[in-house]
Amino acid sequence: MASIILEQVAVEMPVYSGTQRSLRRAFLDRLSNRQSKTNKELFVLALDQISLHLKPGDRVGLIGHNGAGKSTLLRVLGGILAPTSGCITIEGQISSLLNMTSLLDPEMTGYENIETARLLLGIPTTRRDALLQDVLDFTELGAYLEMPLRTYSAGMQLRLSFALLTAQQPEILLLDEVIGAGDAGFFKKATQRFGQLCEQTQILVLASHVLPHIALMCNKVIWLEQGRVRKTGAVEELIKEYQQAVHEVSHPGCPVQIR
Amino acid sequence: MNFTLLTNRCPALSEFFQGLWRVQLWLHLGWRDIGIRYKRTILGPLWITLSTVGTFVALGMLYSALLKNDIHQSLPHLAVGLVTWNLLSGIISEAPHLFLQARHIITTLRLPLTVHVARLLSKHFFFFFHNLAAALLTLLILDGRPGWILLCLLLTIPLLFVILFPLALLLGMLGTRFRDLEPIIGIFMQLLFFLTPILWSPADLPLARKYWVTFNPLYHLIEMVRAPMLGQLPELFSLGMALGSMVLLLLLALWGFCRFKNRIIYWF
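Analysis parameters
- Residues numbered from 1 in each chain as written.
- Chains lettered and ligands numbered in written order.
- Predicted model: local features only at pLDDT ≥ 70, side-chain atom pairs only at ≥ 80, totals over all residues.
- Heavy atoms only, no water.
- Patch = residues over 30% accessible without salt bridge, like charges linked within 9 Å, V, L, I, M, F, W, Y side chains within 5 Å.
- Areas by Shrake-Rupley, 256 points an atom, 1.4 Å probe, with all protein chains shown as cover.
- Salt bridge = Lys/Arg side-chain N within 4 Å of Asp/Glu carboxyl O.
- Helix = DSSP H or I, 4+ residues; strand = E, 2+ residues; numbered from the N terminus.
- Buried < 20%, exposed > 50% of the residue type's maximum accessible area, 1.4 Å probe, protein only.
- Contact = heavy atoms within 4.5 Å.
- Buried area = accessible area lost by both parts, 1.4 Å probe.
- Polar contact = N/O pair within 3.5 Å; in protein donor to acceptor, adjacent residues only side chain to side chain.
- Expected span 1.5 Å × (residues − 1).
- Phe/Tyr/Trp six-rings, centres within 6.5 Å; stacked < 30°, edge-to-face > 60°.
- Lys NZ or Arg CZ within 6 Å of the ring centre and 35° of its normal.

J.: When you look at a nonpolar patch on the surface in this model, what are you seeing that I'm missing?
T.: All names here are of chain B. A cluster of nonpolar side chains, contributed by I42, L43, L46, W47 and L50, occupies part of the molecular surface with about 540 Å² of accessible area. As for its position among the elements, L43 is in the loop between α3 (23-37) and α4 (46-66). On the accessibility criterion, L43 (34% relative accessible area) is partly exposed.

Dropping the structure here:
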């Protein structure tokens, strides 16, 4: 049984400036045994006091402004970012990939990118042909896969990255803003594939600004604001409340701290 | 305590080895790094070999004239020395940047961080093997009889890998936190090129001034490849220095990795 338990998780992101990073600064301060003015450390509290308990069957949508902590929370859940304090317990095989687009290389052909993605994801060589067939069927890119990725249209790149992103079936699926643009035909196909994937996965956590997607796929919403959970609840009411709040406040404060 | 028990107690330790274990991945990424750089060129990665050969042939001829050496002796020495130097300095100068270069992977995919270190090493070892083949060819043309001692390389080249791996890991972590490290290392490597016996031979030094090579670890590392290629066994002292630095670097790297691996992503 898959489960995710977070207790009082916090992520403090240090913001380094040029002077702080320098070895000279570090040495001089050690030598003179004083804290210089420039040595005050800037922190952004990217996540604060996050406690969660997710069980199989949970389809969680993460909503919130830019910078509310959605991606950071996903990184913590995916084991990419170790929190600065708090406790995480995760049971079940978890998807390790949040986003495919940044891993694709524009100079390489479609086939070469698929091979790189296969190795990065740790899919064994025995499943190489199955993966290729799957990607071919879904993307319908055909001979285009022999061309460098930079010759693809945005929609074609999206199709490839989506196919690779959804190539595996983890017990816990984490996704960061996946279905963006794309024509109507692709959207239909993607939703279908996505639906299949979600059915088989035990826990889904999806961060998105596209509220209809959340409404379509999730049964629970977590609303993040300035790194904290503002509210947790049922999909419809929370989305409604969120939309109202978005209209009221357009400039949230920045959670920067100086020590 | 057996090994699994140890890795269970320290997850960072198991990550350290898991990364090394993904051989197919880091070989592929290393090879791709070369491929991307030389895409759409006619000679591809052979450009690197060509430039190395050009350098050691020209420099070999010049320096044998300057130092009045026999080119049959000085050119092989310089060729193998330069090829090995390129491996060492390539890895050391690029290491501070290695995690930064992979930040797009590190921030989206959970992967043992040591994969990125091995990726850098595999790239430079690919170059190295190409260049070493060219150097060997030069040796054959000049003199012609490689001995059984060449088999030594089967041990000493892996030893170089095991020394450079923890070194690159340490420099990578330090370079992510302290951005000055990269330019500093760039300057030092330039200087060390002249301080290390590549263009010259340790035999040229008067006995009282041998400390110029005795305390230069890079000289001993180069000897791991150069001595067998020139038909000699590496000196015992060089071997000792190499093994010593291997143990020291491995311990330092394991400690540093266990202590700081979770912080690396915060330093971006």
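J.: Please clarify how the pattern of salt bridges should be interpreted in this entry.
T.: Any two side chains of opposite charge can pair if their charged atoms end up close together. Residues and elements named next belong to chain A. Scanning the model with the defined rule gives 14 salt bridges over all chains in all. The residue D134 makes a salt bridge to R193 at a minimum N-O spacing of 3.2 Å. Of this pair, D134 sits in helix α5 (residues 128-139) while R193 sits in helix α7 (residues 184-200), and the two are 59 residues apart along the sequence. Looking at D134, the relative accessible area reads 28%, which means it is partly exposed. With a shortest N-O distance of 2.7 Å, E140 and K189 are connected by a salt bridge. You can see E140 sitting in the loop between α5 and α6 (154-165) and its partner K189 sitting in helix α7, a full 49 residues away along the chain. Several salt bridges share partner residues, and in doing so they unite E115, R118 and R128 into one network.

J.: It is not clear to me how the interface of chain B and chain A should be interpreted in this structure. Could you clarify?
T.: Put simply, an interface is often sized by how much accessible area is lost when its parts join up. Tallying the contact residues gives 30 residues for chain B and 38 residues for chain A. Buried area between chain B and chain A, both sides added, is near 3000 Å², and the carbon and sulfur share of it is 58%. Counting the surface chain B buries against chain A, the share from its top three residues, T108(B), R110(B) and Y266(B), is 25%. Across the contact surface, chain B and chain A share one salt bridge. Notably, a salt bridge pairs K39(B) with E112(A), separated by 3.4 Å at the nearest N-O pair. Here chain B is connected to chain A by nine residue pairs in polar contact (both at pLDDT 80 or more).

J.: Just to check I follow, could you spell out α5(A) for this structure?
T.: Residues spaced three or four apart along an α-helix point in a common direction, a consequence of the helix completing one turn every 3.6 residues. All names here are of chain A. With 12 residues, α5 extends 16 Å from end C-alpha to end C-alpha; this agrees with the ideal 16 Å at 1.5 Å per step. Among the structural elements, α4 (110-121), α6 and α7 are those in contact with the buried residues of α5. Just beyond α5, the residue with positive phi is E140, at close to 55°.

J.: Looking at this model, I keep getting lost on the packing of aromatic side chains. Mind explaining?
T.: Given two aromatic rings, one states the distance between the centres and the angle between the planes to describe the pair. Taken as a whole and judged by the stated rule, the model has 19 aromatic pairs over all chains. Relative to F161(B), the ring of W26(B) has its centre 6.0 Å away and its plane inclined at 25°; by these criteria the two rings are stacked. Remark: F161(B) occurs in helix α9 (residues 153-177) and W26(B) occurs in helix α3; sequence separation between them is 135 residues. The pair formed by W26(B) and F161(B) is uniform in burial state, with each residue classed as buried. A centroid spacing of 6.1 Å and a plane angle of 50° characterise the contact between F125(B) and F129(B), whose relative ring orientation is tilted. In this pair, F125(B) and F129(B) both sit in helix α8 (residues 114-142), four residues apart, roughly one turn of the helix. When its relative accessible area of 7% is taken as the criterion, F125(B) is described as buried. Aromatic ring contacts, followed pair by pair, group F16(B), F17(B), W26(B), F125(B), F128(B), F129(B), F161(B), F165(B) and F257(B) into a single cluster. It is K189(A) that lies over the ring of F138(A); its NZ or CZ is 5.3 Å from the centre. Here the basic side chain of R193(A) rests over the ring of F138(A), its NZ or CZ set 4.7 Å away from the ring centre.

Take it as geometry only, folks, not as evidence of what the structure does.
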